[in-house]
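# A look at the structure
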Amino acid sequence: MPVELPIRLEVLFSAEAIAAKVDELAGQIRQDYGDETVILLGVLKGSFHFLSDLGRRLADTTIVDFVQTSSYGSGKSSTGIVQIRKDLDINIEDQNVLIVEDIVDTGTTLAHLRELLAVRKPRTLKVVALLSKPEARKHKTQVEYVGFEIPNEFVVGYGLDYGERFRNLPYIAILHEG
Ligand code: 5GP
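Residues numbered from 1 in each chain as written. Predicted model: local features only at pLDDT ≥ 70, side-chain atom pairs only at ≥ 80, totals over all residues. Heavy atoms only, no water.

## Here we look at the overall build of the protein
This is how the line gets drawn: Here a helix means four or more residues in a row that DSSP labels H or I, a strand means two or more in a row labelled E, and each is numbered from the N terminus. Throughout, radius of gyration means the C-alpha value; the globule benchmark is 2.2 Å times the number of residues raised to the power 0.38. Per-residue accessibility, obtained with a 1.4 Å probe over protein chains only, is compared with the maximum for each type, and a residue is labelled buried under 20%, exposed over 50%, and partly exposed between these values. Should any heavy atoms of two residues lie within 4.5 Å, those residues are counted as being in contact. Note on areas: Shrake-Rupley, 1.4 Å probe, and residue coverage restricted to the protein chains presented here. The charged-residue count follows a simple rule in which Lys and Arg add positive charge and Asp and Glu add negative charge, with His and chain termini not counted at all. One atom stands in for each charge, and that atom is NZ of Lys, CZ of Arg, CG of Asp or CD of Glu.
Counting secondary structure elements, the protein contains 3 helices and 9 strands. Mapped from its N terminus to its C terminus, the protein presents α and β elements in the order β-α-β-α-β-β-β-α-β-β-β-β. Expected size for 178 residues packed as a compact globule is a radius of gyration near 16 Å; at 16 Å, the protein falls within 12% of this value. Taken over the C-alpha atoms alone, the protein extends approximately 55 × 35 × 25 Å along its principal axes. Relative to its 178 residues, the protein shows a buried fraction of 43%. Taking the intrachain contacts of the protein between residues at least 6 apart in sequence as the baseline, contacts between residues at least 24 apart amount to 67%. Total accessible area on the protein is roughly 9,700 Å²; 49% of this is exposed by carbon and sulfur atoms. Of the side-chain charges in the protein, 20 are positive and 26 negative, and the distance between the mean point of each set is 3 Å.

## Section: the sheet that holds strand 1 (residues 7-13)
Counted only if it meets this: Pairing between strands is defined by DSSP: at least two bridges between them are needed.
Across the sheet, which stays open at both edges, the 3 strands sit in the order 1-9-8 with antiparallel pairing between neighbours. Whereas interior strands pair on both sides, the edge strands pair on one side only; in this sheet they are strand 1 and strand 8 (155-156). Two strands pair when backbone bridges link them, and strand 8 and strand 9 (residues 172-177) are joined in this way by 2 bridges, in the antiparallel orientation. Its bridge partner being in strand 9, valine 156 is matched across the sheet by alanine 173.

## Regarding helix 1 (residues 15-33)
Selection rule: For a helix, the expected span equals 1.5 Å multiplied by the residue count minus one. Directions from the helix axis toward the C-beta atoms define the arc.
Spanning 19 residues, helix 1 covers 27 Å between terminal C-alpha atoms, matching the ideal 27 Å at 1.5 Å per step. For helix 1, every residue scored as buried is listed here: Ile18, Lys21, Val22, Leu25, Ala26, Ile29 and Tyr33. Projected onto a plane normal to the axis of helix 1, the buried residues spread over an arc of 140° and lie on a single side. Exposed and oriented more than 90 degrees from the buried face of helix 1 are Glu16 and Gln31. One or two residues past the end of helix 1 sits glycine 34, with phi positive at roughly 55°.

## So, the side chain of arginine 167
With respect to the helices and strands, arginine 167 occurs in the loop between strand 8 and strand 9. According to the relative accessible area criterion, arginine 167 is buried, its value standing at 11%. Residues in contact with arginine 167, not counting those within four places in the same chain, are Lys45, Gly46, Phe48, His49, Gly157, Tyr158, Gly159, Leu160 and Asp161.

## Digging into the site of the ligand
The cut-off we apply is this: A molecule or strand has a residue near it when one of that residue's heavy atoms lies within 4 Å. For this analysis, a polar contact is any N or O atom pair within 3.5 Å, provided that within protein one partner can donate a hydrogen and the other can accept it, and provided that sequence-adjacent residues contribute only side-chain to side-chain pairs. Polar here means any residue outside two lists: the nonpolar Ala, Val, Leu, Ile, Met, Phe, Trp, Tyr, Cys and Pro, and the charged Asp, Glu, Lys and Arg; Gly therefore counts as polar.
With respect to spatial proximity, 15 residues lie near the ligand, and among them Thr106, Thr109, Lys133, Val155 and Asp161 are the closest. In the model, an oxygen atom of the ligand is placed 2.9 Å from a nitrogen or oxygen of the aspartate 105 main chain. One of the backbone nitrogen or oxygen atoms of valine 155 is found 2.7 Å away from a nitrogen atom of the ligand. Contact with the protein chains covers 80% of the free accessible surface of the ligand, which is 500 Å². Elements with a contribution of two residues or more to the shell around the ligand: strand 5 (96-104) and helix 3 (108-118). For the shell around the ligand, the element with the most residues is strand 5, which contributes 4 residues. Classifying every residue of the shell around the ligand gives 5 nonpolar, 4 polar and 6 charged.

In structure tokens form, the structure reads like this:
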């Protein structure tokens, strides 16, 4: 039987700090897009709290859609090939698309997603990520709006899970095992 190691959570960003950061990001996005319609494209599942909070600060100039990706590999190692498991419902040709990501780690998901979407000829294609781990980056990929840069640690909460646990924590914490 596998031994379960004790888990300890170390709070990195409180709910208040996250709310202030989402305010700041929404302000930048409003300024950059003005009155233009923007498709907020959430990457499931981790981005759902972030997209919900960000979307309410951008209100009526946005359309919401979701995409879900999966990278195939054995165990924890990915082949680096990202496939779309759940595609968008709407046509993005000639639209402003803003990919909403919870976290950019190696950059693999985002690099592939950008390529897959670019062929559909959006007018603009940008990314907002609440968290970024610059030290973990393997694929160079542009992230136009970054909330917090964090060290190369595994984090949970505010949409981010560990085996489907901890997604609904209102804060973001580093997960320590053992
Ligand atoms: P990437 O393709 O950039 O390596 O990884 C992106 C995805 O890996 C994220 O959307 C997220 O689902 C997952 N991920 C990367 N780092 C973390 C982390 O620290 N915590 C959690 N819960 N998921 C992460």
